[in-house]
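What follows is the residue order along each chain.
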Amino acid sequence: GTAMSFAGIELPSSTPNASSVSTPQAASRAGGGATTELKAGANGHFVTDADVNGRSIAVMVDTGASMVALTYNDARAIGIAPRDSDFTHRVNTANGVAKVAPVTLDRVQIGEVLVRNVTAAVVEDGKLNMTLLGNSFLSKLSRYEMRSGRLVLEE
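What counts and how
Residues numbered from 1 in each chain as written. Predicted model: local features only at pLDDT ≥ 70, side-chain atom pairs only at ≥ 80, totals over all residues. Heavy atoms only, no water. Helix = DSSP H or I, 4+ residues; strand = E, 2+ residues; numbered from the N terminus. Buried < 20%, exposed > 50% of the residue type's maximum accessible area, 1.4 Å probe, protein only. Areas by Shrake-Rupley, 256 points an atom, 1.4 Å probe, with all protein chains shown as cover. Phe/Tyr/Trp six-rings, centres within 6.5 Å; stacked < 30°, edge-to-face > 60°. Core = buried A, V, L, I, M, F, W, Y, C linked by side-chain atoms within 4.5 Å. Contact = heavy atoms within 4.5 Å. Salt bridge = Lys/Arg side-chain N within 4 Å of Asp/Glu carboxyl O.

Novice: Is there a simple way to explain the overall build of the protein chain in this structure?
Specialist: On a plain count of helices and strands, the protein chain comes out with 2 helices and 11 strands. Listed by position from the N terminus, the elements making up the protein chain come as β-β-β-β-β-α-β-β-β-β-α-β-β. Each of the 155 residues in the protein chain was classed as buried or not, and the buried ones make up 45%. Total accessible area computed for the protein chain in this model is approximately 7600 Å², and 43% of it derives from carbon and sulfur atoms.

Structure, rendered in structure tokens:
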């Protein structure tokens with residue numbers, strides 16, 4: 001199969017507790033595009049709820065990941081149930097090599113910011129602790145900026 005890399009991927013050892021989940025704040029619309037600002041959790045990670053295909057799941061923004069990587073359980077929760085034969089690619093993760101099933105997400109929304117037709121991969125069960133929002137989402141934004149513990153996303 002083709003290799004896909006989640007370069008520099010660092011998976012949190014445990015799922016963050018609810019208190020570290022950042023609630024998106026609607027920021028000012030300077031350029032006319034919707035903007036959302038996230039605050040880093042205690043561990044420095046940007047964790048928030050995202051609306052994916054109409055269902056809410058917790059995600060961690062990962063600028064080092066090449067694409068959105070869905071945990072198997074989150075994929076099921078949003079109505080994506082890949083068959084064993086769909087896991088056609090392999091990726092290197094901090095937890096070793098994992099098989100993934102390529103998918104396209106109709107919509108991914110954080111706060112006011114909405115991105116459509118996002119390339120993603122469902123990671124085989126047990127190989128990923130939390131869904132990662134990687135560059136297949138981030139690259140479709142007009143900009144994103146990280147500074148002093150805040151991450152600004154602009155549609």
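Novice: Can you walk me through the packing of aromatic side chains in this structure?
Specialist: Think of a pair of aromatic rings as described by two things: how far the centres are apart, and how the planes are tilted against each other in angle. If you walk through the whole model with that rule in mind, you get 1 aromatic pair. With 6.5 Å between their ring centres and 35° between their planes, Tyr72 and Phe87 make a pair best called tilted. With Tyr72 in helix H1 (residues 72-77) and Phe87 in the loop between H1 and strand E6 (89-93), this pair connects stretches of sequence that are 15 residues apart. Each member of the pair, Tyr72 as well as Phe87, is classed as buried.

Novice: Which parts of the structure should I look at to understand the nonpolar core?
Specialist: One broad trend across soluble globular proteins is that nonpolar side chains are buried collectively. In this structure, Leu70, Leu105, Val122, Phe137 and Leu153 are the most contacted members of the largest nonpolar core, which totals 31 residues. The contacts of Leu153, once residues within four sequence positions are left out, are Ala34, Thr35, Thr36, Leu38, Ile110, Val113, Phe137, Leu138, Leu141, Arg143 and Tyr144.

Novice: In this structure, what is going on with the pattern of salt bridges? I would like to understand it.
Specialist: It is possible for side chains bearing opposite charge to pair when their charged atoms get close. Applying the stated criterion across every chain, the model contains 5 salt bridges. In this structure, Glu37 and Arg150 form a salt bridge, with 2.4 Å as the shortest nitrogen-oxygen distance. Remark: Arg150 occurs in strand E11 (residues 150-154) and Glu37 occurs in strand E2 (residues 35-39); sequence separation between them is 113 residues. On the basis of relative accessible area, Glu37 is assigned to the partly exposed category, the value being 22%. Here Glu145 makes a salt bridge to Arg143, at a shortest N to O gap of 2.6 Å. Sharing partners across several salt bridges, the network here consists of Arg143, Glu145, Arg147 and Glu154.

Novice: How should the environment of Leu132 be read in this particular structure?
Specialist: Structurally, the position occupied by Leu132 is in strand E9 (residues 131-133). Judged by relative accessible area, Leu132 falls into the buried class, the value being 0%. Each C-alpha atom of the pair Leu132 and Ala69 lies 5.0 Å from the other, and the pair is 63 residues apart in sequence.

Novice: How should I be thinking about the side chain of Thr35 in this particular structure?
Specialist: Position of Thr35 relative to the elements: it lies in strand E2. Assessed through its relative accessible area of 5%, Thr35 is described here as buried.

Novice: What exactly am I supposed to notice about unusual backbone geometry here?
Specialist: Note: most residues except glycine have negative phi, and most peptide bonds are trans. One non-glycine residue, Asn53, adopts positive backbone phi at about 50°. Inspection of the secondary structure puts Asn53 in the loop between strand E3 (46-52) and strand E4 (55-61). The phi torsion at Asn117 lies on the positive side, around 55°, for a residue other than glycine. Position of Asn117 relative to the elements: it lies in strand E8 (residues 113-123). Accessibility expressed as a relative area gives 48% for Asn117, which makes it partly exposed.

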